[in-house]
Amino acid sequence: MSTDVTAKTPAPAPGKSGGGAAGGGLLQLVLNGLRSNMRQYGMLIALGLIVALFAVWTDGDLLLPRNVSNLVLQNSYVLILAIGMMLVIIAGHIDLSVGSLTAFVGAFAAVLTVQHDVAWPVAVVLCLLVGAVAGSVQGFFIAYLGIPSFIVTLAGMLIFRGMTEILLEGQTLGPFPDGLQKIGNGFLPETGPETNYHNLTLLLGLALIVFAVFQEVRDRRRQKEFSLDVVPRNLFLLKLVLIVAAILVVTMLLASYKGAPIVLLILGVLVVGYGYVMRNAVFGRHIYAIGGNLPAAKLSGVRDKRVTFLVFLNMGALAALAGLAIAARLNAASPKAGLNYELEAIASAFIGGASMSGGVGTVLGAIIGGLVLGVLNNGMNLLSVGSDWQQVIKGLALLAAVGFDVWNKRKVGS
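It should be emphasised that the depicted structure is a prediction, and the values quoted were computed from it without experimental measurement.

J.: Explain the overall build of the chain to me, please; I cannot follow it from the model alone.
T.: When helices and strands are tallied, the chain shows 16 helices and 0 strands. When the 414 residues of the chain are sorted by exposure, 43% land in the buried category. Looking at the chain as shown, the accessible area adds up to about 21400 Å², and 67% of this sits on carbon and sulfur atoms.

Given below as structure tokens:
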């Protein structure tokens with residue numbers, strides 16, 4: 001009887017493989033992490049590629065400090081609207097009235113401050129209240145009377161546009177007080193010793209880096225505590241490096257010009273606040289629940305009507321804030337303001353990862369989607385691309401984003 005003995009090749013000890021194998025292992029780890037988190041990172045990678053392409057095509061003009069600052073100021077209203085629209089879409093609804101509502105609030109602010117000499121802080125509060133009331137009225141019809149959001153907000157779009165014409169009597173009204181103008185055009189004041197950079201912006205950038213790293217580390221630790229899947233350690237460290245690098249680059253660019261715009265601080269507060277609500281608060285989880293599976297949410301005790309009502313109230317308040325920002329930037333209220341703003345907000349949400357069926361999306365995704373559109377607009381303007389072709393390209397970008405969402409869901413399902 002013969003015995004068949006098979007020789008076994010010992011596995012290489014960790015750290016003994018060649019540098020190429022180690023590099024290949026890290027690359028494979030990154031690729032695997034990207035594949036498993038494609039919905040989360042896909043648009044972020046696309047934004048980076050778009051920025052890089054336009055930076056090359058414009059010979060670096062896209063990333064000039066002055067242009068980066070203008071990019072923030074020009075797209076602030078879209079980003080504000082995109083945050084609210086993301087919540088609406090996650091809840092399984094749509095809002096077509098936000099463009100007209102921004103125009104109406106801008107007109108209301110002009111009437112208060114220009115015609116009736118109301119102090120601008122009081123006017124800001126009243127405008128936000130008007131937006132919240134407008135959103136709550138629409139939310140009542142949608143949540144408690146059961147009328148589809150498409151119909152209610154389409155009616156709201158027509159009503160607010162007409163009311164804007166009535167308030168302004170077909171005329172452009174301005175200018176606004178200096179304090180109100182700073183919401184849309186102002187920058188943080190200069191402080192500290194004389195340097196080549198804006199000191200306060202540098203401090204805020206460093207604080208943001210510390211906060212972002214702390215938030216990422218804490219979220220990873222909490223996921224481990226609840227035995228949830230986390231990205232590999234090396235990929236997590238790479239993610240932290242990229243986050244720090246991105247914040248540092250933007251901070252240095254802004255600090256090289258006039259500093260951080262005031263509207264950027266407002267956006268930062270909104271992103272942090274709404275991000276926390278959607279990740280950790282009960283209200284945020286309820287929004288995901290009613291958008292993902294309404295019957296199951298009802299059986300679980302979620303007060304779906306109340307949640308829907310508050311989502312539209314919130315959308316109205318953010319539309320009012322966006323209306324103040326754009327009116328302050330233009331330093332005038334116009335009957336034609338706000339045209340197609342609702343489409344840009346909806347496109348930003350879908351490009352940023354929202355799902356047509358509801359229940360999916362993040363606040364950061366809405367910001368990324370808005371930045372994709374903003375960089376496309378700014379880059380094409382720098383390249384003197386005609387407005388007709390700009391519309392075609394943005395439409396293709398939206399179609400590609402929704403197509404990616406459909407493909408990704410089918411892939412996960414299979």
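J.: What should I look at first to understand the environment of Asn 314 in this one?
T.: Within the fold, Asn 314 resides in helix 13 (residues 304-330). For the pair Asn 314 and Gly 135, spaced 179 residues apart in sequence, the C-alpha separation works out to 6.9 Å. Beyond its immediate sequence surroundings of up to four residues, Asn 314 is in contact with Gly 84, Leu 87 and Tyr 274.

J.: Just checking my understanding: could you explain empty space enclosed by the protein for this structure?
T.: If a probe the size of a water molecule is rolled over the atoms, the empty space left behind becomes visible. Counting across every chain of the model gives 1 cavity of 30 Å³ or more. One number sums up the size of the largest cavity: a volume of about 70 Å³. Ranked by the residues each element gives to the lining of the largest cavity, the list is headed by helix 4 (residues 98-115), at 4 residues. Class assignment of the residues belonging to the lining of the largest cavity gives a composition of 9 nonpolar, 4 polar and no charged.

J.: Looking at this structure, I do not really get the nonpolar core. What am I missing?
T.: One broad trend across soluble globular proteins is that nonpolar side chains are buried collectively. Ranked by internal contacts, the top residues of the largest apolar core, which has 67 residues, are Ile 80, Leu 81, Met 85 and Ile 287. Looking at which element gives the most residues to this core, the answer is helix 13, with 14 residues. Those residues in contact with Ile 80 that sit more than four places away from it in its chain are Leu 267, Leu 270, Leu 318, Leu 321, Ala 322 and Ala 325. In this structure, Leu 47, Leu 71, Ile 351 and Ile 368 belong to the second largest nonpolar core, which totals 15 residues.

J.: Would you mind going over the packing of helix 14 (residues 341-351) against helix 15 (residues 363-382) with me for this structure?
T.: In a pair of packed helices, the angle between the axes and the distance between the axes together describe the arrangement. Contact geometry of helix 14 with helix 15 gives a least axis separation of 7 Å together with a crossing angle of 115°. Between helix 14 and helix 15 the crossing geometry is right-handed. Along its contact with helix 14, which presents Glu 344, Ala 347, Ser 348 and Ile 351, the element helix 15 presents Gly 365, Ala 366, Gly 369, Gly 370, Val 372 and Leu 373. Looking at side-chain class alone, the contact of helix 14 with helix 15 contains 5 nonpolar, 4 polar and 1 charged residues.

J.: Can you walk me through the pattern of salt bridges in this structure?
T.: Once their charged atoms are close, side chains differing in charge can pair, the charge on each being opposite to the other. Under the criterion given, the structure shown has 2 salt bridges. The closest approach of N and O atoms between Glu 165 and Lys 336, which form a salt bridge, is 3.9 Å. Here Glu 165 is found in helix 6 (residues 149-168), whereas its partner Lys 336 is found in the loop between helix 13 and helix 14, with 171 residues between them in sequence. Under the relative-accessibility criterion, Glu 165 is labelled partly exposed at 29%.

J.: So what exactly am I meant to see when it comes to the layout of surface pockets here?
T.: Size it by volume and the second largest pocket reaches roughly 280 Å³. Around the second largest pocket sit Asn 340, Leu 343, Glu 344, Ile 346, Ala 347, Leu 373, Asn 377, Gln 391, Lys 394, Gly 395 and Leu 398, which together line it. Elements that contribute at least two residues to the lining of the second largest pocket include exactly helix 14, helix 15 and helix 16 (387-413). Grouping the constituent residues of the lining of the second largest pocket by class yields 5 nonpolar, 4 polar and 2 charged.

J.: I'm lost on helix 3 (residues 65-90) in this one. Help?
T.: Every α-helix carries 3.6 residues per turn, so stepping three or four residues along brings you back to the same face. For helix 3, with 26 residues, the first-to-last C-alpha span of 35 Å sits near the 38 Å given by 1.5 Å per residue. Remark: the principal bend of helix 3, roughly 55°, maps to Asn 75. Counting buried positions over the 26 residues of helix 3 gives 22, a clear majority of the element. Looking one or two residues beyond helix 3, the residue adopting positive phi is Gly 92, at roughly 90°.

J.: Explain the environment of Pro 189 here, please?
T.: On the secondary structure map, Pro 189 appears in the loop between helix 7 (178-185) and helix 8 (199-225). Beyond its immediate sequence surroundings of up to four residues, Pro 189 is in contact with His 198 and Leu 200.

J.: Is there a simple way to think about unusual backbone geometry in this case?
T.: Trans is the prevailing form of peptide bonds, just as negative phi is the prevailing case for residues other than glycine. Residue Pro 175 is bonded to the preceding Gly 174 through a cis peptide linkage, with omega at -5°. The phi torsion at Asn 340 lies on the positive side, around 65°, for a residue other than glycine. When you line up the elements, Asn 340 lands in the loop between helix 13 and helix 14. Although it is not a glycine, Ser 384 sits at a positive phi angle of roughly 60°. With respect to the helices and strands, the residue Ser 384 is situated in the loop between helix 15 and helix 16. Take Ser 384: its relative accessible area is 64%, and that puts it in the exposed class.

J.: Even after reading the chapter, I still don't get a nonpolar patch on the surface, so can you show me in this structure?
T.: There is a patch of nonpolar side chains on the surface, built from Val 133, Val 137, Phe 140, Phe 141, Tyr 144, Leu 145, Ile 147, Phe 150 and Ile 151 and spanning about 800 Å² of accessible area. Per-element tally for the nonpolar patch: the top contributor is helix 5 (residues 120-143), with 4 residues. Relative to the elements of secondary structure, Phe 140 occurs in helix 5. By relative accessible area, which is 38% here, Phe 140 ends up partly exposed.

J.: Is there a simple way to think about the packing of helix 5 against helix 13 in this case?
T.: Running from N to C, helix 5 and helix 13 point in directions that differ by 145°, and their axes come no closer than 7 Å. Crossing angle aside, the handedness with which helix 5 passes helix 13 is right-handed. Between helix 5 and helix 13, the residues in contact are Val 124, Cys 127, Leu 128, Gly 131, Ala 132, Gly 135, Ser 136, Gly 139, Phe 140, Ile 142 and Ala 143 and Lys 305, Thr 308, Phe 309, Phe 312, Leu 313, Gly 316, Ala 317, Ala 320, Leu 321 and Leu 324, respectively. Split into classes, the residues belonging to the contact of helix 5 with helix 13 amount to 14 nonpolar, 6 polar and 1 charged.

J.: Can you help me understand the side chain of Ser 149 in this one?
T.: In this structure, Ser 149 sits in helix 6. Ser 149 gets classed as buried once you look at its relative accessible area, which sits at 8%. When near neighbours in sequence (up to four residues on either side) are disregarded, Ser 149 contacts His 93, Ile 94, Ile 142, Leu 154 and Phe 312.

What counts, and at which threshold
- Residues numbered from 1 in each chain as written.
- Predicted model: local features only at pLDDT ≥ 70, side-chain atom pairs only at ≥ 80, totals over all residues.
- Heavy atoms only, no water.
- Helix = DSSP H or I, 4+ residues; strand = E, 2+ residues; numbered from the N terminus.
- Buried < 20%, exposed > 50% of the residue type's maximum accessible area, 1.4 Å probe, protein only.
- Areas by Shrake-Rupley, 256 points an atom, 1.4 Å probe, with all protein chains shown as cover.
- Contact = heavy atoms within 4.5 Å.
- 1 Å grid on protein atoms, 1.4 Å probe; cavity = no way out; pocket = protein on both sides within 12 Å on 5 of 7 lines; lining within 4 Å.
- Points joined across faces, edges and corners; volume = space filled by probe spheres on them.
- Nonpolar A, V, L, I, M, F, W, Y, C, P; charged D, E, K, R; others polar.
- Core = buried A, V, L, I, M, F, W, Y, C linked by side-chain atoms within 4.5 Å.
- Axes fitted to C-alpha atoms, helices over the stretch in contact; angles between N-to-C directions.
- Left-handed = near helix turned anticlockwise from the far one by under 90°.
- Salt bridge = Lys/Arg side-chain N within 4 Å of Asp/Glu carboxyl O.
- Expected span 1.5 Å × (residues − 1).
- Bend = angle between axes of the 7 residues up to and from the residue.
- Patch = residues over 30% accessible without salt bridge, like charges linked within 9 Å, V, L, I, M, F, W, Y side chains within 5 Å.

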